[in-house]
Structure formats: C-alpha cells, structure tokens
Amino acid sequence: MKSFSTKPEYFVEPFLGGGIVSLTVAFENLAEQIIMMEIDPNVAAVWETILGKDIDWLCDRILSFNLTTETAKEVIMKPAITTKELAFRTILKNRINHGGILADGSSFINKGEKGKGIKSRWYPSTLCQRIQDIKLIKNILIFKQGNGLNYLNEIMSQKNMAIFLDPPYTVCGKKPGSRLYKYNELDHKLLFEITAQTKSAFLMTYDNNIEVSDLANKYKFDTELVLMKSTHHREIYELLISKNLDWCRNNDSQEIPLITEDLYQIEPLEKPLFCNFNGVEELRHNEAGRSFGAEAGMKGANKNEVLQLPQILSTL
Ligand SMILES: C[S@@+](CC[C@H](N)C(=O)[O-])C[C@H]1O[C@@H](n2cnc3c(N)ncnc32)[C@H](O)[C@@H]1O
C-alpha cells in the first residue's frame, strides 16, 4: 500500500474472514475507505455487530461469559436467533475450537496451551479491547455480506481501488481451505478471469501449486513465493500474485505491506515472530531480525531470497 504514489480511495477485501489486512490498512490510514465482503453469515454477524449498535453488548457478553465445556456447548448448540448472538457464538467457536476453525466438524481444543484446554485462547478483556479499538476506525469501514466474486465483477472497471484477494485455498491438491471454511467452494478460474479484467491494482494470495501457477501464467500475472509460518511455526510456501510484484523484490528502499497476526490470535507469543496489530512496537522483529513493523514496513529482502511473511491466520 505504501508503494502507491497516491492513497487509494478504496481498499477492497472481497474474501474477508478475520480481515486483518483491511484492519491494518484502516489503522495505518492507507486508504480513504475500506470495503469488506464476506459470504459466511456466521462471520458476517461478527462484523455487523462490531460495526453496529450492539458492539457494547458483544463486549459485555464476552466479559461476563463463564467459560466451561458445558456453557460453551450450550451456546453452540442453541440456535442463535439474533445477529449479535450469532456473533458471540462465532467468536466463542473461533477461540475454543481446535485451530480456530469454524467449519462444520471442528472440535474443541483438547489439551491446548499448558493443558488449559478450551481456556487456552480465551482472553476476554484483550478481545474486547481489540473490538473496541475497531470503533476508532469504524467510520471508514464498510461491511457487506455477500459473494465477493460477484462484487469483484461489479467493480471491475473502477480504477480508484486497491484490492486484496485471499480466497479459500481450494483449487486442487489438499485443498486446505475446504477444512477451514464452511464456504469454500469457489470458481477459481472465474476469479482469475475477472481479476485479469480489473482496472484497479490487486494482490492475491494462494497456496503454491501447479494449477494456481498455471492460472497465473495464463493471465500473465507476476508471482512470488513467500514463506509463511503457521501458528505452530510450521513453514509453508504461498504464492503472491499481482500484475507486477517488483515492489516487493530485492530493493532495500522498497517495502512490502505489513502482515500481522489475526485479530483473534491474541495470546502472547513465546518468540516475537509476528506483529499483532496492537503489539506492533514490541513484536517488530522475527528471528532473522527482519522488520515486520507497521511503520517500518519490511525491508532488506535480498535478491533471490524468498520473502518471509508472518502468518495471516485464515480461520476467521
Ligand atoms: C482465506 S479466508 C480469508 C482470511 C482473511 N485474510 C483473514 O485475515 O482472516 C477466506 C474467507 O472467504 C470467505 N469466502 C469464501 N467464499 C466467498 C465468497 N464467494 N465471497 C465472499 N467470501 C467468501 C470464507 O468464508 C473465508 O472467511
């Protein structure tokens, strides 16, 4: 975002999930308005509630909730009637399910951190603080529930946008996205076709496999492998795709965008591998001393070196 000569009017994230990139762009004031889209009604309920009148209700509910296996099951089994209740249920599931996975079939954390089980990732006050922080930038956030692909089609001819595409990874192979997301079916060929006709700048992330590379080649997109680290510090290569990725290569003076931890990935990390968006200052360096700070951007990638990006948790 910082490589644009002028600030884009709109930053658009059609496959929002936890929306950490949109939030970072908003907090860093890197676009005038942020348009965020998500198809899953459970995830959408969280955004609608956080950006709506029930934000304080949601925080009170989180703060006053007495988390036990029984109370959690009660919330999860009960059909949520209102949007705000659905929002609470989604956040609860994200925090207590293994890997934060919301898709059907996911189960509670079993042992978790230091044997704390479902309480391993339940930090009510930190979570509420994060939610309340979003209030500060609320006026520039626009959330729509719907199909990101259709929306992309609608905005194809607009030139004043920066579009970030992080779709579910379900092109081929192991299809990791199918385990993580309830809504994981996507016409990836159509996504590439529409993206190729888009007049605004875009950046896509995908899992690294031959079908994705073939699609990128078909539309003469530029690609760059990046090394991601999962929550469990597992390293995995992903693919950045855009019209031109020169800005993120082998030039000390150029920056790649801040990649931070997920909004809900709030537990303190033993090693400061990644930023979280409230902890930018303290968690600025990874083990190799590379900067991930919001203000600093990421500098110093050498020629032919694989860029190392911290994880964007893609479960909500
Ligand atoms: C890889 S995740 C995005 C993760 C996100 N970058 C984050 O920071 O959490 C993909 C998201 O797209 C959503 N999704 C899937 N198909 C969609 C569609 N057609 N339109 C909009 N959202 C969709 C999924 O529900 C999921 O939340």
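About the criteria used
Residues numbered from 1 in each chain as written. Predicted model: local features only at pLDDT ≥ 70, side-chain atom pairs only at ≥ 80, totals over all residues. Helix = DSSP H or I, 4+ residues; strand = E, 2+ residues; numbered from the N terminus. Buried ≥ 20, exposed ≤ 12 C-beta atoms within 10 Å, placed from the backbone. Contact = placed C-beta atoms within 7 Å. Core = buried A, V, L, I, M, F, W, Y, C linked by C-beta atoms within 7 Å. Domains from an automatic or database assignment. Near = placed C-beta within 6 Å. Nonpolar A, V, L, I, M, F, W, Y, C, P; charged D, E, K, R; others polar. Pairing = 2+ DSSP bridges. Axes fitted to C-alpha atoms, helices over the stretch in contact; angles between N-to-C directions. Parallel < 35°, antiparallel > 145°, perpendicular 65-115°, else oblique. Left-handed = near helix turned anticlockwise from the far one by under 90°.

## Comments concerning the overall build of the chain
When its secondary structure is counted, the chain shows ten helices and eight strands. Split into buried and exposed, the 316 residues of the chain put 38% on the buried side. For the chain, the share of sequence-separated contacts (at least 6 apart) that also reach a separation of at least 24 residues comes to 64%.

## Thoughts on the nonpolar core
Ranked by internal contacts, the top residues of the largest apolar core, which has 55 residues, are Val-25, Ile-34, Met-36, Val-46 and Ala-87. A domain split of this core shows at least three residues from each of domain 1 (10–39 + 146–309) and domain 2 (43–135).

## A closer look at the site of the ligand
In the vicinity of the ligand, 25 residues are found, and the nearest of them are Phe-15, Gly-17, Gly-18, Ile-39 and Gly-148. Looking at side-chain class alone, the shell around the ligand contains 15 nonpolar, six polar and four charged residues.

## Some remarks on the pairing of strand 5 (residues 201–207)
Residues in a regular strand project their side chains so that they alternate between the two faces of the sheet. When you tally the buried positions in strand 5, you get five out of seven residues, the bulk of the element. Relative to strand 7 (residues 235–242), strand 5 is paired through five bridges, and the arrangement is antiparallel. If you follow Thr-205 over to strand 7, its bridge partner there is Leu-240.

## A word on the packing of helix 3 (residues 55–64) against helix 6 (residues 124–135)
It is at 9 Å that the axes of helix 3 and helix 6 come closest, and there the two elements cross at 170°. Overall, the two elements helix 3 and helix 6 adopt an arrangement that is roughly antiparallel. Along the contact surface, helix 3 presents Ile-55, Leu-58, Cys-59, Ile-62 and Leu-63, while helix 6 presents Pro-124, Ser-125, Leu-127, Cys-128, Ile-131, Gln-132 and Lys-135. The residue makeup of the contact of helix 3 with helix 6, split by class, is nine nonpolar, two polar and one charged.

## Thoughts on the packing of helix 2 (residues 41–50) against helix 5 (residues 83–96)
How two helices pack is summed up by the angle between their axes together with the distance between the axes. Closest axis-to-axis distance for the helix 2/helix 5 pair is 8 Å, and the angle between their directions is 115°. The angle between helix 2 and helix 5 places the two elements in the roughly perpendicular class. Between helix 2 and helix 5 the crossing geometry is left-handed. For the pair helix 2 and helix 5, contact is made by Asn-42, Val-43, Ala-45, Val-46, Glu-48 and Thr-49 and by Thr-83, Lys-84, Leu-86, Ala-87, Thr-90 and Ile-91, respectively. Looking at the contact of helix 2 with helix 5 residue by residue, the classes come out as six nonpolar, four polar and two charged.

## A short note on the environment of Leu-30
Within the secondary structure layout, Leu-30 lies in the loop between helix 1 (20–27) and strand 2 (33–38). Using a count of 19 C-beta atoms within 10 Å as the deciding quantity, one classes Leu-30 as partly exposed. C-alpha separation for the pair Leu-30 and Phe-4, spaced 26 residues apart in sequence, amounts to 9.5 Å. Beyond its immediate sequence surroundings of up to four residues, Leu-30 is in contact with Met-1, Lys-2, Lys-7, Phe-11 and Val-25.

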